[in-house]
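Understanding the architecture of this molecule
Chain by chain, the residues:
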Amino acid sequence: MSNHAVVTLDFTRPVHAHELRPGDVFAFPDAAHTPLTVVSVKKTVISPELTLLTLALPGHTEPLHLPAGTPVRPLRMVRTVSLACLLCRKPQDVELDLPHDGEPLSLVCGDHIPDMDQTTEGR
Ligand SMILES: [Zn+2]
């Protein structure tokens with residue numbers, strides 16, 4: 001883990017099923033207390049308007065089929081995002097769990113952070 005400071009925004013935007021990747025955990029809005037972990041995702045384009053997703057989920061013998069635009073509630077979405085440092089433009093890869101950490105907005109790389117003990121690891 002390189003030392004840098006990331007400014008994030010709350011992750012409040014709607015998420016649709018097509019954004020899910022293996023390893024993500026999500027719930028359907030009407031079953032918010034049933035977390036589902038994505039094992040694999042397969043996309044099938046039916047028509048220009050309709051893409052179907054085939055999601056393999058643990059504990060389910062049959063894969064789940066749903067339209068790509070289905071709204072889901074993300075519980076865990078770890079993504080590696082490349083951001084350029086606000087001060088020197090040096091690119092840095094940042095790994096964030098979007099629902100918990102928020103969406104990355106800007107970053108200041110370790111070159112401008114003199115003391116690592118000053119970081120705010122609040123959550
Ligand atoms: Zn920098």
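Residues numbered from 1 in each chain as written. Predicted model: local features only at pLDDT ≥ 70, side-chain atom pairs only at ≥ 80, totals over all residues. Heavy atoms only, no water.

Overview of the nonpolar core
Worth spelling out the cut-off: Nine residue types can take part in a nonpolar core, namely buried Ala, Val, Leu, Ile, Met, Phe, Trp, Tyr and Cys, and a core is a set of them joined through side-chain atoms within 4.5 Å. Here's how the labels work: a residue is buried when its accessible area is under 20% of the maximum for its type, exposed when over 50%, partly exposed in between, all with a 1.4 Å probe on protein chains only. Per the convention used, a helix needs a DSSP run of H or I reaching at least four residues, while a strand needs a run of E reaching at least two, with both numbered from the N terminus. An automatic or database domain assignment provides the domain bounds reported here. Any two residues whose heavy atoms approach within 4.5 Å are treated as being in contact.
Formed by 21 residues in total, the largest nonpolar core has its most connected members in Ala17, Leu20, Phe26, Leu55, Val72 and Leu107. Only strand S6 (50–56) and strand S10 (91–97) provide two or more residues apiece to this core. Among the domains, domain 1 (5–12 + 78–118) and domain 2 (15–74) are the pair contributing at least three residues each to this core. The residues contacting Leu20, other than those within four sequence positions of it, are Phe26, Val38, Val41, Leu55, Val72 and Arg79.

Thoughts on the pattern of salt bridges
The condition is simple: Put simply, a salt bridge is a Lys or Arg side-chain nitrogen that is within 4 Å of an Asp or Glu carboxyl oxygen.
Applying the stated criterion across every chain yields a total of four salt bridges. Between Glu103 and Arg13 there is a salt bridge, and its shortest N-O distance comes to 3.2 Å. Note that Glu103 is positioned in strand S11 (residues 103–108) and Arg13 in the loop between strand S1 (5–9) and strand S2 (15–16), a separation of 90 residues in sequence. For the salt bridge of Arg79 with Asp24, the shortest nitrogen-to-oxygen distance reads 2.7 Å.

Description of the sheet that holds S6
Stated precisely, the cut-off is as follows: By this definition, two strands are paired if DSSP reports at least two bridges between them. Note on geometry: axes are lines fitted to C-alpha atoms, helical ones only across the stretch in contact, with angles between N-to-C directions running from 0 to 180 degrees.
Read across the sheet, three strands follow the order S5-S6-S7 without closing on themselves; strand pairing throughout is antiparallel. Edge positions in the sheet fall to strand S5 (40–47) and strand S7 (64–67), since each has one partner strand and no second. Pairwise comparison of adjacent strand axes, ignoring direction, gives a mean angle of 25° for this sheet. In the sheet, S6 pairs with S7 via four bridges, with the strands oriented antiparallel.

Some details on the coordination of the zinc ion
The cut-off we apply is this: Donor atoms: N, O and S within 2.8 Å of the metal, or within 3.2 Å for Na, K and Ca. Because water is excluded, sites can look incomplete. By the criteria applied here, four donors are tetrahedral when all angles lie between 85 and 135 degrees, four are square planar and six octahedral when opposite donors are over 155 degrees apart and every other angle lies between 65 and 115, and any other arrangement is irregular.
Bound to the zinc ion on the protein side are Cys85 (SG), Cys88 (SG), Cys109 (SG) and His112 (NE2), at distances that span 2.1 to 2.3 Å. Taken together, the four donor atoms coordinating the zinc ion and their angles of 102 to 114° define a geometry best described as tetrahedral. Counting residues between consecutive donors of the zinc ion along the chain gives the motif C-x2-C-x20-C-x2-H. Linking Cys85 in the loop between strand S9 (78–84) and S10 with Cys109 in the segment after S11, this pair joins segments that are 24 residues apart in sequence. The two residues Cys85 and Cys109 agree in class, both being buried.

Focus on the pairing of strand S8 (residues 71–76)
By the bridge criterion, two bridges tie S2 to S8 in an arrangement that is antiparallel. Residue pairing in the sheet places Val15 in a bridge with Val72 of S8. In this structure, strand S3 (residues 25–27) lies alongside S8, joined through three bridges in antiparallel fashion. Residue pairing in the sheet places Ala27 in a bridge with Arg73 of S8.

Concerning the domain arrangement of the protein chain
For the record, the criterion: When two parts are put together, the accessible area they lose, computed with a 1.4 Å probe and summed over both, is reported as buried area. Two N or O atoms form a polar contact when they lie within 3.5 Å of each other; inside protein one atom must be a possible hydrogen donor and the other a possible acceptor, and for residues adjacent in sequence the pair counts only when both atoms belong to side chains. Any residue that is not Ala, Val, Leu, Ile, Met, Phe, Trp, Tyr, Cys, Pro, Asp, Glu, Lys or Arg is counted as polar, Gly included; the first ten are nonpolar and the last four charged.
Domain boundaries assigned for the protein chain yield domain 1 (5–12 + 78–118) and domain 2 (15–74). Once you take the C-alpha centre of each, domain 1 and domain 2 turn out to be 28 Å apart. Between domain 1 and domain 2, the residue contacts involve four residues of the former and six residues of the latter. Contact between domain 1 and domain 2 buries roughly 340 Å² in total, counting both sides, with carbon and sulfur atoms accounting for 49%. Its largest share of buried area at the contact with domain 2, domain 1 owes to Phe11, Arg79 and Pro99, together 94% of the area lost on that side. Seen at the junction of domain 1 and domain 2, the total is one salt bridge. Viewed at the interface, domain 2 and domain 1 are joined by two residue pairs in polar contact (both at pLDDT 80 or more). Residues belonging to the side of domain 1 that touches domain 2 are distributed by class as follows: three nonpolar, no polar and one charged.

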